[in-house]
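As a plain string of letters, each chain reads:
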Amino acid sequence: MSRALIEDIFNDSEEAQEITFPATDQDLLILTEKFLGFEIPSKVFLQAISIAAYDSASAFRYVDNYLAILKNKNKRKHKKLLVFKPATNFENN
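Worth saying up front: this structure is predicted, and the values here are computed from it rather than measured. (Residues numbered from 1 in each chain as written. Predicted model: local features only at pLDDT ≥ 70, side-chain atom pairs only at ≥ 80, totals over all residues. Heavy atoms only, no water.)

## A look at the overall build of the protein
The helix and strand tally for the protein stands at four helices and zero strands. Starting at the N terminus and walking to the C terminus, you meet the elements of the protein as α-α-α-α. A total of 93 residues make up the protein; the buried ones form 15% of that total. Looking at the protein alone, contacts between residues at least 24 apart form 65% of all its contacts between residues at least 6 apart. Element-wise, carbon and sulfur atoms account for 57% of the exposed surface of the protein, whose accessible area totals about 8,500 Å². (Helix = DSSP H or I, 4+ residues; strand = E, 2+ residues; numbered from the N terminus. Buried < 20%, exposed > 50% of the residue type's maximum accessible area, 1.4 Å probe, protein only. Contact = heavy atoms within 4.5 Å. Areas by Shrake-Rupley, 256 points an atom, 1.4 Å probe, with all protein chains shown as cover.)

## Here's the deal with the pattern of salt bridges
Under the defined criterion, the tally for this structure stands at one salt bridge. With a shortest N-O distance of 2.6 Å, Asp 64 and Lys 34 are connected by a salt bridge. Of this pair, Asp 64 sits in helix α4 (residues 56-83) while Lys 34 sits in helix α2 (residues 25-35), placing them 30 residues apart in sequence. Residue class for Asp 64 comes out partly exposed when judged on its relative accessible area of 36%. (Salt bridge = Lys/Arg side-chain N within 4 Å of Asp/Glu carboxyl O.)

## Structural notes on the nonpolar core
Core analysis: the largest hydrophobic core is formed by eleven residues, namely Ala 23, Leu 31, Phe 35, Val 44, Ala 48, Ala 52, Ala 59, Phe 60, Val 63, Leu 67 and Leu 70. Take this core: its biggest share by element is five residues, from α4. Those residues in contact with Ala 48 that lie beyond four places of it in its chain are Leu 31, Phe 35, Ala 59, Tyr 62 and Val 63. (Core = buried A, V, L, I, M, F, W, Y, C linked by side-chain atoms within 4.5 Å.)

## Quick look at the packing of α2 against helix α3 (residues 42-52)
At a minimum axis distance of 11 Å, the contact between α2 and α3 shows a crossing angle of 155°. Judged on the interaxial angle alone, α3 and α2 are roughly antiparallel. Here α2 runs over α3; the crossing is right-handed. In this structure, α2 contributes Leu 28, Leu 31, Thr 32 and Phe 35 to the contact, and α3 contributes Val 44, Phe 45, Ala 48, Ile 49 and Ala 52. (Axes fitted to C-alpha atoms, helices over the stretch in contact; angles between N-to-C directions. Parallel < 35°, antiparallel > 145°, perpendicular 65-115°, else oblique. Left-handed = near helix turned anticlockwise from the far one by under 90°.)

## Re the packing of aromatic side chains
Scanning the entire structure with this criterion turns up one aromatic pair. The interplanar angle of 70° and the centroid separation of 6.0 Å between the aromatic rings of Phe 35 and Phe 45 together place this pair among those described as edge-to-face. Taken together, the positions of Phe 35 in helix α2 and Phe 45 in helix α3 put the pair ten residues apart, joining distant regions of the chain. (Phe/Tyr/Trp six-rings, centres within 6.5 Å; stacked < 30°, edge-to-face > 60°.)

## What to know about the confidence of the model for the protein
Per-chain confidence: the protein averages 77 in pLDDT, with 63% of residues scoring 70 or above. Mean pLDDT per element in the protein: helix α1 (residues 2-10) is the minimum at 52, and α3 is the maximum at 94. Throughout residues 80-85 the model reports pLDDT below 50, and contacts reaching past four residues in sequence, or to other chains, amount to zero contacts. (pLDDT = per-residue confidence, 0-100.)

Right under this line is the structure:
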């Protein structure tokens with residue numbers, strides 16, 4: 001019984017290492033295409049490429065998270081603009 005507990009401790013899934021693969025040229029092209037249509041700092045793009053050199057999956061998560069945050073900021077900005085839009089039919093007395 002104690003042997004089973006020891007094996008379970010050493011085979012803990014939290015300590016298991018994931019196998020990572022660097023991005024291929026095709027992956028880098030897809031990462032670049034994800035940024036199209038957005039204004040991003042060059043620092044963010046270079047960071048994504050740097051991550052992709054070691055771990056393709058992490059680079060895609062980084063890009064997706066950054067773009068999600070960027071889209072949420074734009075939505076909030078547009079909502080504020082619509083709320084403070086002046087009335088066009090306002091007459092001065």
